Amino acid sequence: WRIDEVNAAPDNTIFKGEIWSFTTEPFAYAIATVTATSNGISDQGAGPENTVDGSGLDEVDLHSVDSADMWVAKAPDDEDLYIQYEFDRIYKLHEMLVWNYNVQFELMLGFGVKDVTIEYSENGQEWVGLGDVELNQATATSTYTHNTAVDLQGVAARFVRLTVNSAFGTTGQYGLSEVRFMYIPSH
């Protein structure tokens, strides 16, 4: 930007001002401190923490096809499988970005989570339903970027729980690669 001074007629002399530079603040920020837990049964190294630690993401947020970078679990007997996220404080949540389970053979295996019920809580005890959401299946490529953005409607929460209702396959295993929560700064 530059503001110039322009004299009146008859000479209309222009005095050039200094150039100003501006940067804009993003609308929403990623929550930095997130703890993921699950009631699922996972193999060593394939736990829910893999969904929030950036493992498998490169510098432009493309996700790998390495299963060691992802979460995969079976539901415990007689329980619905869930993955729960806890933040360091209450945030006004904007959206949840999801990189679904992305191993090389995902399109045949179908471990990726398809249908989830989303709930949120301020204290981890009293839960409010946000709704049912269908997540998009991963591309099974190393150029995979998130392909699901869930509107979290500005709710105030310290916890978000995803209860798994189905996967893209029928193996009884369910997985996610990465989940990122975006919040709107509030004062």
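Residues numbered from 1 in each chain as written. Predicted model: local features only at pLDDT ≥ 70, side-chain atom pairs only at ≥ 80, totals over all residues. Heavy atoms only, no water.

A. Inspection of the overall build of the chain at higher detail. Per the secondary structure count, the chain includes one helix and eleven strands. If you list the helices and strands of the chain from N to C, you get β-β-β-β-β-β-α-β-β-β-β-β. A compact globule built from 187 residues should have a C-alpha radius of gyration of about 16 Å, whereas the chain, at 22 Å, is more than 25% larger. Seen through its principal axes, the chain has C-alpha atoms that stretch 85 × 40 × 25 Å. Expressed as a percentage of contacts within the chain between residues at least 6 apart in sequence, the contacts between residues at least 24 apart total 75%. Taken as a whole, the chain presents about 10600 Å² of accessible surface, with 49% of it coming from carbon and sulfur. When the 9 basic and 29 acidic side-chain charges of the chain are each reduced to a single mean position, those positions are 6 Å apart. (Helix = DSSP H or I, 4+ residues; strand = E, 2+ residues; numbered from the N terminus. Rg over C-alpha atoms; globule rule 2.2 N^0.38 Å. Contact = heavy atoms within 4.5 Å. Areas by Shrake-Rupley, 256 points an atom, 1.4 Å probe, with all protein chains shown as cover. Lys, Arg positive; Asp, Glu negative; His and termini not counted. Charge placed at Lys NZ, Arg CZ, Asp CG, Glu CD.)

B. Fine view of the packing of aromatic side chains. Taken as a whole, this structure holds seven aromatic pairs when the rule is applied. Ring geometry for Y101 and F111: centres 5.7 Å apart, planes at 45°, overall tilted. Taken together, the residues span a long stretch of sequence, with Y101 in the loop between β6 (82-100) and α1 (106-109) and F111 in the loop between α1 and β7 (113-121) at a distance of ten residues. Each member of the pair, Y101 as well as F111, carries the same accessibility label: buried. Against the face of Y183 rests R89, its NZ or CZ located 5.8 Å from the ring centre. One Lys or Arg, R161, reaches over the ring of Y82 and ends 5.0 Å from the middle of that ring. (Phe/Tyr/Trp six-rings, centres within 6.5 Å; stacked < 30°, edge-to-face > 60°. Buried < 20%, exposed > 50% of the residue type's maximum accessible area, 1.4 Å probe, protein only. Lys NZ or Arg CZ within 6 Å of the ring centre and 35° of its normal.)

C. Structural view of the nonpolar core. Counting residues in hydrophobic clusters, the biggest one holds 32 residues, and the most contacted among them are Y85, F87, L93, M96, L162, L176 and F181. For this core, the secondary-structure elements that each account for two or more residues are β4 (34-38), β5 (71-74), β6, β7, β10 (156-167) and β11 (173-183). With seven residues, β6 is the single largest residue contributor to this core. Apart from the residues lying within four places of it in its own chain, the contact partners of L176 are T51, M70, W71, I83, Y85, V98, W99, N100, Y101, V113, L135 and L162. Counting residues in hydrophobic clusters, the runner-up holds seven residues, among them L57, L97, W99 and Y144. (Core = buried A, V, L, I, M, F, W, Y, C linked by side-chain atoms within 4.5 Å.)

D. The arrangement of a negative patch on the surface in detail. On the surface, D77, D78, E79 and D80 cluster together to form a negatively charged patch. Topologically, D78 is positioned in the loop between β5 and β6. By relative accessible area, D78 is classed as exposed at 83%. (Patch = residues over 30% accessible without salt bridge, like charges linked within 9 Å, V, L, I, M, F, W, Y side chains within 5 Å. Salt bridge = Lys/Arg side-chain N within 4 Å of Asp/Glu carboxyl O.)

E. Up close: the pattern of salt bridges. Applying the stated criterion across every chain, the model contains four salt bridges. Between D4 and R2 there is a salt bridge; the shortest N-O distance is 2.7 Å. A residue is classified by how much of its surface remains accessible, and R2, at 40% relative accessible area, is partly exposed. For D61, the salt bridge goes to R180, with nearest N and O atoms at 2.8 Å. In this pair, D61 sits in the loop between β4 and β5 while R180 sits in strand β11, placing the two residues 119 residues apart along the sequence. According to the relative accessible area criterion, R180 is partly exposed, its value standing at 22%.

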